[in-house]
Amino acid sequence: VDCFYGITSALCLSGLTTVPVEDIPPGGQVVLMIMMLLGSQVVTSSVPLLVKKHRYCRVARIAIDPSDHELEHQATIVLIRIIVIYGVVVHLMGFFIAWLSILCGRPYPRNLIRHNKKTNLGFFSLFAVVSAFCNVGYIASNENLMPFNSSLVLLLDMILLIMLGNGIYPPCLRGIIRLLHHFSKGNTKQACEFLLDHPRKCYTHLFPPNTTRWLLISFFGLNGFEICVIYILDWNSTAFDGLDTGEKIVNGIFQCVNTRSGGMNSVAITGLSPTTLFIFAVMMYISAYPVFLSRQATRQKSVDDEGAISHLSARKQRDILDTTLATQFRRLLAQDTAYLFLATFFICVSVNHGLKHDPLNYNIFSVIFEIISAYGGVGLSYGYSCSLRMEPGYCVDEPVSFSGKWGFTPKIIMIVVMLLGR
């Protein structure tokens, strides 16, 4: 169950785990890294492009003339090349920055990884880069990135990778296509023009200009609000003990960006104020909303372009055409609330003994926080502390998620929650 749970969480972009990543053999960590790549937003969203490249559906063939069909095919090829180069360049750039920052940084974290953990610094850096870009949150160290909370270059590198792999991926993609359109000629220029004029016809994560601007505003707006909250409420909290002003600023940004999708830790989140943790839970809950709502709101334009709506039933046509943000938000909120309520109820029933006899570790908010983290594909967790137990008994602190202390049934429910969230 532990192995299956860890594998599923990697595929679902959630960093919750019942097995300490550090304890996984090197071969298993390589497999885990490959699965993180396969489960990333960039890779999963590109699968339809590869299918489309080789075969167009019958409806699309009928709806468009041969010249448009050929241009769309060429645009698909150009887009695939852009996405592949984007992923390779970002990973290479992120790896060299991370590796050099660890190699040339403070000796304590470097020696901790090299000697205590007996891990190659290059592999450690690569694993962290893949995890950040894929928004999983795994680090090949039980302490996650807490030993590196003074390595500002590394933290800034992780922040950028998390953003490029998720929140600002669609805007970056459109920006690259615009630059390529400006500097290219011939068929490539025409293909880029087609992509810019018909973004949703070509790719699920490519949007019109107004929607792209809305994505950027919502991303930086939500993160900016979260950063302000953590600075105001937790500037002098125990989570930031020992950090100077610059380190507090960078760690605050890092932790806030991670609550939106990344799931990494540079500080102990249990040392933050309850209000901040509540905001974290809200941000994890709505982490996927901006991109999902943008996709739904622009679906009508995509369907109209393909001329593929006439064969659908009246009810399905109404559902497709009803794409206003308010309608989609209400629909998604109702769906999410139902899923999370049921998951919380059944998990609380399953861990009822802990809620009654170990209330400092097991409480309703910590359970809800874990479920929302799984559903949002984030991976932040309260963890479990033996020092908080109120009843005597054998207990060993382990660097696993809070759900790692749960039994078989609630773990299965959490797997379902992660799959539903994806």
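Residues numbered from 1 in each chain as written. Predicted model: local features only at pLDDT ≥ 70, side-chain atom pairs only at ≥ 80, totals over all residues. Heavy atoms only, no water.

**Student:** I keep staring at the state of the cysteines and nothing clicks. Help me out?
**Tutor:** Between two cysteines, a covalent bond joining their sulfur atoms is known as a disulfide. By the definition in use, this model includes 1 disulfide. In this model, cysteine 386 is linked to cysteine 395 through a disulfide, with the two sulfur atoms separated by 1.9 Å. Disulfide cysteine 386-cysteine 395: torsion about the S-S bond near -75°, hence left-handed. The buried category is assigned to cysteine 386, whose relative accessible area is 15%. Overall, cysteine 395 belongs to the partly exposed group, its relative accessible area being 24%. (Disulfide = S-S within 2.5 Å. Buried < 20%, exposed > 50% of the residue type's maximum accessible area, 1.4 Å probe, protein only.)

**Student:** How should helix α13 (residues 245-262) be read in this particular structure?
**Tutor:** Since the α-helix advances by 3.6 residues per turn, residues separated by three or four positions end up pointing in the same direction. The terminal C-alpha atoms of α13, which comprises 18 residues, lie 24 Å apart, in line with the 26 Å expected from a rise of 1.5 Å per residue. The element α13 is largely enclosed, with a buried count of 14 among its 18 residues. For α13, the N-terminal cap is aspartate 244; the gap from its side-chain oxygen to the backbone nitrogen of glycine 246 is 3.3 Å. (Helix = DSSP H or I, 4+ residues; strand = E, 2+ residues; numbered from the N terminus. Expected span 1.5 Å × (residues − 1). Polar contact = N/O pair within 3.5 Å; in protein donor to acceptor, adjacent residues only side chain to side chain.)

**Student:** Help me understand the side chain of aspartate 234 in this model?
**Tutor:** Turning to its location among the elements, aspartate 234 is positioned in helix α12 (residues 209-234). Contacts of aspartate 234, omitting those with residues within four sequence positions, involve Val229, Phe240, Gly271, Leu272, Ser273 and Thr276. (Contact = heavy atoms within 4.5 Å.)

**Student:** I'm lost on empty space enclosed by the protein in this one. Help?
**Tutor:** Any empty space left between the atoms is revealed when a probe the size of a water molecule rolls over them. Summed over all chains, the structure comprises 1 cavity of 30 Å³ or more. Within this model, the largest cavity holds a volume of roughly 100 Å³. Residue lining of the largest cavity: Asn166, Gly167, Leu215, Ser218, Phe219, Arg260, Ser261, Ser287, Ala288, Pro290 and Val291, and that is the complete set. Where the lining of the largest cavity is concerned, the elements lending two or more residues are α12, α13 and α15 (289-297). Its residues assigned to classes, the lining of the largest cavity comprises 5 nonpolar, 5 polar and 1 charged. (1 Å grid on protein atoms, 1.4 Å probe; cavity = no way out; pocket = protein on both sides within 12 Å on 5 of 7 lines; lining within 4 Å. Points joined across faces, edges and corners; volume = space filled by probe spheres on them. Nonpolar A, V, L, I, M, F, W, Y, C, P; charged D, E, K, R; others polar.)

**Student:** Looking at this structure, I do not really get the UniProt feature "transmembrane region" (unreviewed entry) in the chain. What am I missing?
**Tutor:** What UniProt calls "transmembrane region" (unreviewed entry) maps, in this numbering, to residues 78-102, 122-140, 152-169, 214-233, 267-286, 338-355 and 362-384. Structurally, residues 78-102 comprises 100% helix and 0% strand, and the distance from its first C-alpha atom to its last is 36 Å. Along residues 214-233 the backbone is 100% helical and 0% strand, and the end-to-end C-alpha distance reaches 28 Å. (UniProt positions renumbered as here; feature names shortened; annotations may be inferred.)

**Student:** Where do I start with the side chain of threonine 211 in this structure?
**Tutor:** On the secondary structure map, threonine 211 appears in helix α12. By relative accessible area, threonine 211 is classed as buried at 15%.

**Student:** How should a nonpolar patch on the surface be read in this particular structure?
**Tutor:** Together, Val84, Val88, Leu92, Phe96 and Leu100 give the surface a local cluster of nonpolar side chains, amounting to about 450 Å² of exposed area. Assignment of secondary structure puts leucine 92 in helix α5 (residues 66-103). For leucine 92, a relative accessible area of 47% corresponds to the partly exposed category. (Patch = residues over 30% accessible without salt bridge, like charges linked within 9 Å, V, L, I, M, F, W, Y side chains within 5 Å. Areas by Shrake-Rupley, 256 points an atom, 1.4 Å probe, with all protein chains shown as cover. Salt bridge = Lys/Arg side-chain N within 4 Å of Asp/Glu carboxyl O.)

**Student:** Looking at this model, I keep getting lost on unusual backbone geometry. Mind explaining?
**Tutor:** Excluding glycine, residues mostly have negative phi values, and the peptide bonds linking residues are mostly trans. Backbone geometry places asparagine 135, a non-glycine residue, at a positive phi of 60°. Positionally, asparagine 135 belongs in the loop between α7 (121-133) and α8 (152-165).

**Student:** Is there a simple way to explain the environment of isoleucine 82 in this structure?
**Tutor:** Here isoleucine 82 shows up in helix α5. The class for isoleucine 82 is buried, based on a relative accessible area of 7%. Spatially, the C-alpha atoms of isoleucine 82 and isoleucine 176 are 8.1 Å apart, while their sequence positions differ by 94 residues. Filtering out sequence-adjacent residues up to four positions away, isoleucine 82 remains in contact with Leu173, Ile176, Ile177 and Leu180.

**Student:** Sorry if this is basic, but what is going on with the confidence of the model for the chain here?
**Tutor:** Note that predicted coordinates carrying low pLDDT should not be read in detail. On average, residues of the chain score 82 in pLDDT, and 83% of them are at 70 or above. In the model, residues 1-13 has pLDDT below 50 throughout and makes 44 contacts with residues more than four positions away in sequence or in other chains. Confidence drops under pLDDT 50 across residues 308-312; counting only partners more than four residues distant or on other chains, this segment forms 9 contacts. (pLDDT = per-residue confidence, 0-100.)

**Student:** Would you mind going over the packing of α13 against helix α14 (residues 274-285) with me for this structure?
**Tutor:** Two elements in contact, α13 and α14, have axes separated by 7 Å at closest approach and are oriented at 45°. Taken as axis vectors, α13 and α14 run oblique relative to one another. In contact with Gln255, Thr259 and Arg260 of α13, α14 contributes Phe280, Met283 and Met284. Residue composition of the contact of α13 with α14, by class: 3 nonpolar, 2 polar and 1 charged. (Axes fitted to C-alpha atoms, helices over the stretch in contact; angles between N-to-C directions. Parallel < 35°, antiparallel > 145°, perpendicular 65-115°, else oblique.)

**Student:** For this particular structure, what's the right way to read the packing of α7 against α8?
**Tutor:** When two helices pack together, you describe them by how their axes are tilted relative to each other and by the distance separating the axes. Running from N to C, α7 and α8 cross one another at 40°; their axes reach a closest spacing of 7 Å. Viewed along their axes, α7 and α8 adopt a mutual orientation that is oblique. Contacts between α7 and α8 involve Ala128, Val129, Ala132 and Phe133 from the first element and Met158, Leu161, Ile162, Leu164 and Gly165 from the second. Considered class by class, the residues forming the contact of α7 with α8 number 8 nonpolar, 1 polar and no charged.

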